[in-house]
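The chain contents come next:
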Amino acid sequence: MVFSGTNSRYLAEKICASLDCPLGNMNITHFADGEFAVSYEESIRGAHVFLVQSTFPNSDNLMELLLMIDAAKRASAKSVVAVIPYFGWARQDRKDKPRVSIGAKLVADLLSVAGIDRLITMDLHADQIQGFFNIPVDHLYASAVFLPYIQSLQLENLVIATPDVGGSKRASTFSKYLGVPLVLCNKSREKANEVASMQIIGDVEGKNVVLIDDIVDTAGTITKAANIMLEAGAQSVRAIASHCVMSDPASFRVQESALTEMVFTDSIPYAKKCPKVKQLSIADMFAETIKRVMNNESISSQYII
């Protein structure tokens, strides 16, 4: 049985259409002070329950998911699987300076204590977050939808690039699979969400560049990288990223930048109007994973890279 939180319903409906099963009936009641309560409107006793909810800002999405898990456990569900296409707070995965929280570990603990039996997620900001859980974690990769899309563009003189060195591993797997060169950007920050300087490592002159990233928040880094590459002689610059956070003024920056297009998955809903932004659906990939979990089949065999 598949259920959805409020803001991920659009994706849950597509997953259910792919699974050829109805979306479960759930009621979320909101109170005047901002509190809300969750109730299942049908029996889930003895059922394998899959809860679809990305935990993107604001934190109501995470709280809603925790209440859904708790209600499912109390309603005697046989197993509760959290399907979290975008795992929020994942950028807080370590102590990068003294006296800071590790938000990703806290969220992992909250989900575990609430009572999930399994987690299905996609393109975690840091792979080690899987180790924060003591339950099975199925970590999917958006490359399954991005690689066919890049190949469909049939770009000549293709180059894969990364807007920062931290994403070099992800970009390297794309470049190896496609058999094309890899270009890196080295950036330095003065403070969060603000890039101070950037240098290109590699040749982009006359090339069609595809920038690979996992999260685009304010779009400062990726648009700066695109502009610098066009100045360095690139023929065109596109960007592909797994999660469409797109906090203001990201849409304006993308529209005004040198980017030909900005491609995301639909792990996070995008309601703003920006002609350059395109979303590819991951519903079929998650539906196939849910099938394989139910049938105890291999999940890694569906990965392209």
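The numbers attached to residues start from 1 for each chain and follow its sequence in the written order. In keeping with the model being predicted, local features are shown solely for residues with a pLDDT of at least 70 and side-chain atom pairs are shown and tallied solely at 80 or more, while totals for entire chains, interfaces and linings include all residues. Calculation of side-chain values draws on the structure's entire complement of heavy atoms; hydrogens and water are dropped beforehand.

**Student:** Tell me about the sheet that holds strand β6 (residues 118–122), and please be specific about residues and values.
**Tutor:** Between any two strands, at least two bridges found by DSSP are needed for them to pair. Under the DSSP-based scheme used, a helix requires at least four consecutive residues in state H or I and a strand at least two consecutive residues in state E, with every element numbered from the N terminus. One open sheet accounts for 5 strands, arranged β1-β4-β5-β6-β7; its pairing is parallel. Since the sheet does not close on itself, it has two edges, and those belong to β1 (2–4) and β7 (137–140), each with one partner. Between one strand and the next, the sheet's axes are offset by a mean angle of 20 degrees, whatever the strand orientation. Where strand β4 (residues 48–52) meets strand β5 (residues 79–84), 5 bridges bridge the pair, whose relative direction is parallel. Note on β5: the bridge partner recorded for Phe50 is Val81. The strands that helix α8 (residues 283–294) touches are β4, β5, β6 and β7; relative to β6, the one it contacts most, it runs at about 155 degrees. Axis lines are fitted through C-alpha atoms, for helices just across the contact stretch, and the angle between N-to-C directions can take any value from 0 to 180 degrees. Throughout, a contact is declared for two residues whenever any of their heavy atoms are within 4.5 Å.

**Student:** How would you summarise the layout of surface pockets if you had to cite specific residues and measurements?
**Tutor:** Using a grid of 1 Å spacing that covers the protein atoms alone, one calls a set of points a cavity when a 1.4 Å probe fits there but cannot get out, and a pocket when the set is open and has protein on both sides within 12 Å along at least five of seven lines; lining residues are those with an atom within 4 Å of a point. Grid points are joined across faces, edges and corners, and a volume is the space filled by probe spheres set on the points. Counted as a void, the second largest pocket has a volume near 190 Å³. As for the second largest pocket, its lining consists of His48, Phe50, Ser79, Val81, Asp117, Arg118, Arg292, Val293, Met294, Asn296, Glu297 and Ile299. Residue assignment for the lining of the second largest pocket shows that the elements contributing at least two residues are β4, β5 and α8. Of all the elements, α8 adds the most residues to the lining of the second largest pocket, at 3 residues. As a working rule, the residues Ala, Val, Leu, Ile, Met, Phe, Trp, Tyr, Cys and Pro are called nonpolar, Asp, Glu, Lys and Arg charged, and the rest polar, with Gly in that last group. Among the residues making up the lining of the second largest pocket, the classes are represented as 5 nonpolar, 3 polar and 4 charged.

**Student:** Hey, could you go over the UniProt feature "domain: Ribose-phosphate pyrophosphokinase N-terminal" (unreviewed entry) in the protein for me, with residue numbers and the actual values?
**Tutor:** The UniProt feature table records "domain: Ribose-phosphate pyrophosphokinase N-terminal" (unreviewed entry) at residues 1–115. Annotated as residues 1–115, this span is 33% helix and 21% strand, and its ends, taken at the C-alpha atoms, are 17 Å apart. UniProt positions are given in the numbering used here, feature names are shortened, and annotations may be inferred rather than shown by experiment.

**Student:** Just give me the short version of the domain arrangement of the protein, but keep the residues and values in it.
**Tutor:** For each domain, the first and last residues come from an automatic or database assignment. Segmenting the protein into domains produces domain 1 (1–139) and domain 2 (141–279). Domain 1 and domain 2 are separated by 28 Å when their C-alpha centres are compared. Carbon and sulfur atoms supply 53% of the area buried between domain 1 and domain 2, which totals about 1400 Å² over both sides. Here the quantity called buried area is the accessible surface, traced with a 1.4 Å probe, that two parts lose on coming together, added over both. Among the residues of domain 1 in contact with domain 2, Tyr86, Met122 and Asp123 are the three that bury the most area, contributing 40% of the side total. When a carboxyl oxygen of Asp or Glu lies within 4 Å of a side-chain nitrogen of Lys or Arg, that pair is called a salt bridge. If you look at where domain 1 meets domain 2, you find 3 salt bridges. Among the ionic pairs, Asp266 bridges to Lys14, the shortest N-O distance being 2.6 Å. Distance and chemistry together define a polar contact, namely a pair of N or O atoms within 3.5 Å, with one atom able to donate a hydrogen and the other to accept it when in protein, and with adjacent residues in sequence counting only for side-chain atoms on both sides. Summed over the shared surface of domain 1 and domain 2, the result is 11 residue pairs in polar contact (both at pLDDT 80 or more). Among the elements that take part in the side of domain 1 that touches domain 2, helix α1 (residues 9–19) stands out by supplying 3 residues, more than any other.

**Student:** Residue-level account of a nonpolar patch on the surface, with values.
**Tutor:** Taken together, the side chains of Tyr177, Ile304 and Ile305 define a hydrophobic patch exposed on the protein surface, amounting to about 230 Å² of accessible area. Relative to the assigned elements, Ile305 resides in the segment after α8. Partly exposed residues are those whose accessible area sits between 20% and 50% of the maximum for their type, while under 20% is buried and over 50% is exposed, using a 1.4 Å probe and protein chains only. Classification of Ile305 by relative accessible area gives partly exposed; the value is 32%. Distance thresholds for patches are 9 Å for like charges and 5 Å for nonpolar side chains (Val, Leu, Ile, Met, Phe, Trp, Tyr), applied to residues having over 30% relative accessible area and no salt bridge. What sets the accessible areas is the Shrake-Rupley method with a 1.4 Å probe; for residues, cover comes only from the shown protein chains.

**Student:** Please set out the packing of helix α2 (residues 60–74) against helix α3 (residues 103–114) residue by residue, giving values where relevant.
**Tutor:** At a closest axis distance of 9 Å, the pairing of α2 and α3 adopts a crossing angle of 20 degrees. With respect to α3, the element α2 is oriented roughly parallel. Contacts from Leu62, Leu65, Leu66, Ile69, Asp70 and Lys73 of α2 reach α3 at Val107, Leu110, Leu111 and Ala114. The residue makeup of the contact of α2 with α3, split by class, is 8 nonpolar, no polar and 2 charged. Should an angle lie under 35 degrees it is considered roughly parallel, over 145 roughly antiparallel, and from 65 to 115 roughly perpendicular; all remaining angles are considered oblique.

**Student:** Describe the packing of aromatic side chains, listing the residues and the values that go with them.
**Tutor:** The criterion for an aromatic pair is that two Phe, Tyr or Trp rings (for Trp, the six-membered ring) have centres within 6.5 Å, with stacked assigned to planes under 30 degrees apart, edge-to-face to planes over 60 apart and tilted to the rest. Using the criterion set out here, one finds 3 aromatic pairs in the structure. An angle of 85 degrees between the planes, with centres 4.8 Å apart, marks the rings of Phe3 and Tyr40 as edge-to-face. Of this pair, Phe3 sits in strand β1 while Tyr40 sits in strand β3 (residues 36–40), and the two are 37 residues apart along the sequence. For the pair shown, Phe3 and Tyr40 are each scored as buried. Note on Phe87 and Phe133: the rings are 6.0 Å apart at their centroids and 75 degrees apart in plane angle, and the pair reads as edge-to-face. In this pair, Phe87 sits in the loop between β5 and α3 while Phe133 sits in the loop between β6 and β7, placing the two residues 46 residues apart along the sequence. For Phe133, a relative accessible area of 6% translates into the label buried.

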